[in-house]
Amino acid sequence: MPSALSPSAWLRGSRRPSWLSDPKVLRTEVLGGLVVALALIPEAISFSVIAGVDPAVGLFASFTMAVTIALVGGRPAMISAATGAVALVIAPLNREHGFGYLVAAVILAGVFQIVLGALGVAKLMRFVPRSVMVGFVNSLAILIFMAQVPEMTDVPWPVYPLIAAGLAMMVFFPRLTTVVPAPLVSIVILTVITVAAGIAVPTVGDKGDLPSSLPVPGLPDVPFTLDTLTTVAPFAFAMALVGLMESLMTAKLVDDITDTRSSKTRESVGQGVANIVTGFFGGMGGCAMIGQTMINVRVSGARTRLSTFLAGAFLMVLCIVFGPVVSDIPMAALVAVMVMVSVATFDWHSIAPRTLRRMPLGETVVMLVTVVCVVATHNLAIGVVVGSIAAMVVFARRVAQLAEVTAVTDPDGAAVVYRVTGELFFASSNELVGQLSYGTDPDRVVIDLSAAHIWDASSVAALDAVETKYAQRGKTVEIVGLNEPSARMHKTLSGELAGG
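This structure is a prediction, so every number in the text was calculated from the model and none was measured.

Trainee: An account of the packing of helix α6 (residues 130-148) against helix α14 (residues 331-345) is needed here, citing residue identities and associated values.
Mentor: How two helices sit against one another is set out by the angle between their axes and by the gap between those axes. The N-to-C vectors of α6 and α14 enclose an angle of 160°; their axes lie 8 Å apart at closest approach. On the basis of their axis angle, the class for α6 and α14 is roughly antiparallel. Both α6 and α14 take part in a crossing whose hand is left-handed. For the pair formed by α6 and α14, the contact residues are Val137, Ala141, Ile144, Phe145 and Gln148 on the first element and Val335, Met338, Val339, Val341, Ser342 and Thr345 on the second. The residue inventory of the contact of α6 with α14, partitioned by class, reads eight nonpolar, three polar and no charged.

So this is what it looks like as C-alpha cells:
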C-alpha cells in the first residue's frame, strides 16, 4: 500500500477528470467557478480591511490559494481563499510590525501546516463528535448571515426589494431549469436592472479598488534574523492551527454532502503549500471558505477540482479584464446569494422539536456550546475546541455512570465478592472507592474485575486505596479477573502512585 504522501497517493483523485468527457459536468464546474469568483470579490476586500492591508492583497491571496489548492489539495470542489479567521490572527502583526512581517508569517504558517500534516494532525478529526460538527455547521450559517447584516443596515431603500427579488429568483428559477446556476442568474439580472434604471445602491466597486495586473512573486521585505523569526512564529503557528481546523472541518462537511471521502492529510499539506505560494506572491494567506464552498458544492453542484481552479482564475479575469463591469454589481445581489447559502447551510433538523425530544440532553448542550462559542468569538477553531472539550466531559460523565458494583457474600460469611462491571477511569474509579463496606465486610474480600477494564493510573490508585483501607482493618483483598492490558497496567503502577 502506498503511503499517504507517496506520488501515487498524491495524484489519486486527479486521474481522468469527469469534466473532460461529460459536457454537462464541464458546464456545471465552469458556472460554479464563475459564481464563486463573483462572491469572492467583496469577501476578499472585506477581509483585507480586517487585516489592515490593501484590497489587492486579499484578492491576490484568494487567487493564489484557490488555484494552488485545486492542484495540491485533498478535497475536490472545496474553495480556499482569504478568510476572516486568518485576517483576525495576522492583523495585529501587520499593525505592529508592517506588511513584510505579515507576508513572512504567511509563508512560515504554510511550513507549519506541511509539518503538521506530515505528522498526521488530520487524524485528530476522528475525535470531533457529531454534535460538535452540527454546531460547527449551524454556527457557520449564523456567521454567514451576520456578515450580511451590515450590508442591510443604513442603506438606500431599493436594497431591500433587490435582495427580496434575488432570493425569489434563487428559489423559483431552479424549477424552470438547472442548466445555469440560479445565483449567477440572480446576479446578472439584478446588475442589469440597477445599471439600466440608474438605481443608486452600494456596489462592489464601493468596497475598494480592484487590481489591474497579476501579482508578482518576491521575498518578504524583512530582515532574515532570529529576532524576526521569534516575532513572526507565534502568529504563524496560530494561523496554521486556525487554518487547518477550518479547512479540515469544511472538508469533512463536504465529504458528508457529496458522500465521498477525501485525504485529510493531503489537504493539510496542500493548505501549507498554498499558503507558501500565496506568501511569495504577496498575499495575506487563507484557508477553506465555508460560504463559498457551499455555493460551489451545494448550490451550484460542482464536484471537481476544475471549479476550484476556475474560481481563482475567474477572480483575476473579472478584476483585471472586467473590473468596471464587476464594480457595478450591486451588493444586494451578493447579499441575497449569501443569505440563501446561510439558510441552506443551517441544519434545521437539529433544532426541530421532534429531534430535540429524542436527542440526549448532553448532545444538545454540546451543540449549543459550540454555536455560542463560535458566534461570540467569530472564531470557528475556538468553538470546535471548546465544543470538543464539552463533548469529552459529557462522555466521561455518561461512561462513569455505567460502572457498577454488586456484592455477594458467602453463605458462611467468610468472604465477600465485589463484582465490578464497566469502564474504570478517572471519573468512575473514585466512585468505586466509596461503594465498598470496609467496616462491616468479612476478613476476606475479592474484587472481581472480569467484566471491567482499567484505563488509567487513577483506577490503579483507586484499587490501591481500597487495599489500604482494608489492610488498616486487618483484612485481605484479592483482585481477580483482570484482562491482559488491565493486568499489565496494574502490575506496572500498583504501589507506585502514593505520595512520598
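Trainee: For the sheet that holds strand β3 (residues 404-409), give the residues involved together with the corresponding values.
Mentor: Read across the open sheet, the four strands follow the order β3-β4-β5-β6; overall the sheet is mixed. Looking along the sheet, the strands with just one partner apiece sit at the ends: β3 and β6 (476-480). Here the average twist between neighbouring strands, direction ignored, is 20°. Across the face of the sheet, helix α19 (residues 457-471) comes into contact with β4 (415-424), β5 (444-454) and β6 while running at roughly 175° to β5. Contacting β5 and β6, helix α20 (residues 484-493) crosses the sheet at an angle of about 120° to β5.

Trainee: An account of helix α9 (residues 226-258) is requested, with residue identities and associated values reported.
Mentor: For α9, built from 33 residues, the straight-helix expectation of 48 Å at 1.5 Å per residue is met to within 8% by its first-to-last C-alpha distance of 46 Å. Considering bend angle alone, the principal kink of α9 is centred on Val232 and spans about 35°; proline Pro234 follows within four residues of it. A positive backbone phi angle near 55° is found at Asp259, which sits one or two residues after α9.

Trainee: Which residues make up the confidence of the model for the protein chain, and what are the values?
Mentor: Scored by pLDDT, the protein chain comes out at a mean of 88, with 96% of its residues at no less than 70. Element-level mean pLDDT values for the protein chain span from 47 in helix α1 (residues 7-11) up to 96 in helix α10 (residues 264-280). Low pLDDT, under 50, characterises residues 1-5; the stretch is placed with nine contacts to residues that sit more than four places away or in other chains. Counted against residues more than four places away or in other chains, residues 8-13, with its pLDDT under 50, gives 15 contacts.

Trainee: Please provide a residue-by-residue account of the pattern of salt bridges, values included.
Mentor: Considering all chains together, one arrives at six salt bridges under this definition. For Glu151, the salt bridge identified is with Lys207, shortest N-O distance 2.4 Å. Placement of the pair is Glu151 in the loop between α6 and α7 (159-176) and Lys207 in the loop between α8 (182-197) and α9, with a sequence separation of 56 residues. As a salt-bridge pair, Arg488 and Glu484 come within 3.5 Å of each other at their nearest N and O atoms. Within this pair, Arg488 and its partner Glu484 are both found in helix α20, separated by four residues, close to a single helical turn. Its relative accessible area of 62% is what places Glu484 among the exposed residues. Taken together, the shared-partner salt bridges connect Arg75, Asp255 and Lys264 into one network.

Trainee: So what's going on with the pairing of β6? Which residues, and what values?
Mentor: Going residue by residue along β6, you find Val477 and Ile479 tucked away on one face and Thr476, Glu478 and Val480 left uncovered on the opposite face. Two strands pair when backbone bridges link them, and β5 and β6 are joined in this way by five bridges, in the parallel orientation. Bridge pairing in β6 links Ile447 to Ile479. You can see the chain leave β5, run along α19 and come back into β6, and the turn it takes is right-handed.

Trainee: Lay out the packing of aromatic side chains in plain terms, naming residues and giving numbers.
Mentor: With the rule as written, the count across this model stands at four aromatic pairs. Where Phe425 meets Phe426, the ring centres are 5.1 Å apart and the plane angle is 85°; that geometry is what we call edge-to-face. By relative accessible area, Phe425 is classed as buried at 10%. With centroids separated by 4.8 Å and ring planes inclined at 55°, the aromatic side chains of Tyr438 and Tyr470 adopt a geometry described as tilted. With Tyr438 in the loop between α18 (426-434) and β5 and Tyr470 in helix α19, this residue pair connects regions lying 32 residues apart in the sequence. Against the face of Tyr438 rests Lys469, its NZ or CZ located 5.7 Å from the ring centre.

Trainee: Got a sec to walk through the state of the cysteines? Specific residues and values, please.
Mentor: Enumeration according to the criterion identifies zero disulfides in this entry. Of the cysteine sulfurs around Cys319, a residue in no disulfide, the closest is that of Cys287, at 20 Å. Classification of Cys319 as buried rests on a relative accessible area of 3%. Cys373 carries a free sulfur, and the closest cysteine sulfur to it, the one in Cys287, is 19 Å from it. According to the relative accessible area criterion, Cys373 is buried, its value standing at 18%.

Trainee: Pulling in residues and values, what's your account of the pairing of β5?
Mentor: For β5, the tally of buried residues reaches eight of eleven residues, placing the bulk of the element in the interior. With nine bridges joining them, β4 and β5 adopt parallel strand pairing. Looking at the pairing, Leu424 lines up with Ile454 of β5. At this point the chain moves from β4, through α18, to the parallel β5, and the crossover so formed is right-handed.

Trainee: Lay out the environment of Leu210 with the relevant residues and their values.
Mentor: Assignment of secondary structure puts Leu210 in the loop between α8 and α9. Judged by its relative accessible area of 17%, Leu210 falls in the buried class. Remark: the alpha-carbon pair of Leu210 and Met489, spanning 279 residues in sequence, is separated by 64 Å. Ignoring any residue separated from it by four or fewer positions in sequence, one finds Leu210 in contact with Ile41, Ile45, Leu59, Cys319, Gly323, Val326 and Ser327.

Trainee: An account of the nonpolar core is needed here, citing residue identities and associated values.
Mentor: General note: in soluble globular proteins, nonpolar side chains tend to be found buried as a group. Ranked by size, the top nonpolar core spans 105 residues in total, and within it Ile41, Leu59, Phe136, Met284, Ile295 and Leu315 carry the most contacts. The element contributing the most residues to this core is helix α2 (residues 23-51), with twelve residues. Setting aside residues no more than four positions away along its own chain, Leu315 makes contact with Ala37, Leu40, Ile41, Leu59, Ser62, Phe63 and Leu310. Core analysis: the second largest hydrophobic core is formed by 21 residues, Val416, Leu436, Leu449 and Ile454 among them.

Rules used throughout
- Residues numbered from 1 in each chain as written.
- Predicted model: local features only at pLDDT ≥ 70, side-chain atom pairs only at ≥ 80, totals over all residues.
- Heavy atoms only, no water.
- Axes fitted to C-alpha atoms, helices over the stretch in contact; angles between N-to-C directions.
- Helix = DSSP H or I, 4+ residues; strand = E, 2+ residues; numbered from the N terminus.
- Parallel < 35°, antiparallel > 145°, perpendicular 65-115°, else oblique.
- Left-handed = near helix turned anticlockwise from the far one by under 90°.
- Contact = heavy atoms within 4.5 Å.
- Nonpolar A, V, L, I, M, F, W, Y, C, P; charged D, E, K, R; others polar.
- Pairing = 2+ DSSP bridges.
- Expected span 1.5 Å × (residues − 1).
- Bend = angle between axes of the 7 residues up to and from the residue.
- pLDDT = per-residue confidence, 0-100.
- Salt bridge = Lys/Arg side-chain N within 4 Å of Asp/Glu carboxyl O.
- Buried < 20%, exposed > 50% of the residue type's maximum accessible area, 1.4 Å probe, protein only.
- Right-handed = clockwise from strand over helix to strand, strands pointing away.
- Phe/Tyr/Trp six-rings, centres within 6.5 Å; stacked < 30°, edge-to-face > 60°.
- Lys NZ or Arg CZ within 6 Å of the ring centre and 35° of its normal.
- Disulfide = S-S within 2.5 Å.
- Core = buried A, V, L, I, M, F, W, Y, C linked by side-chain atoms within 4.5 Å.

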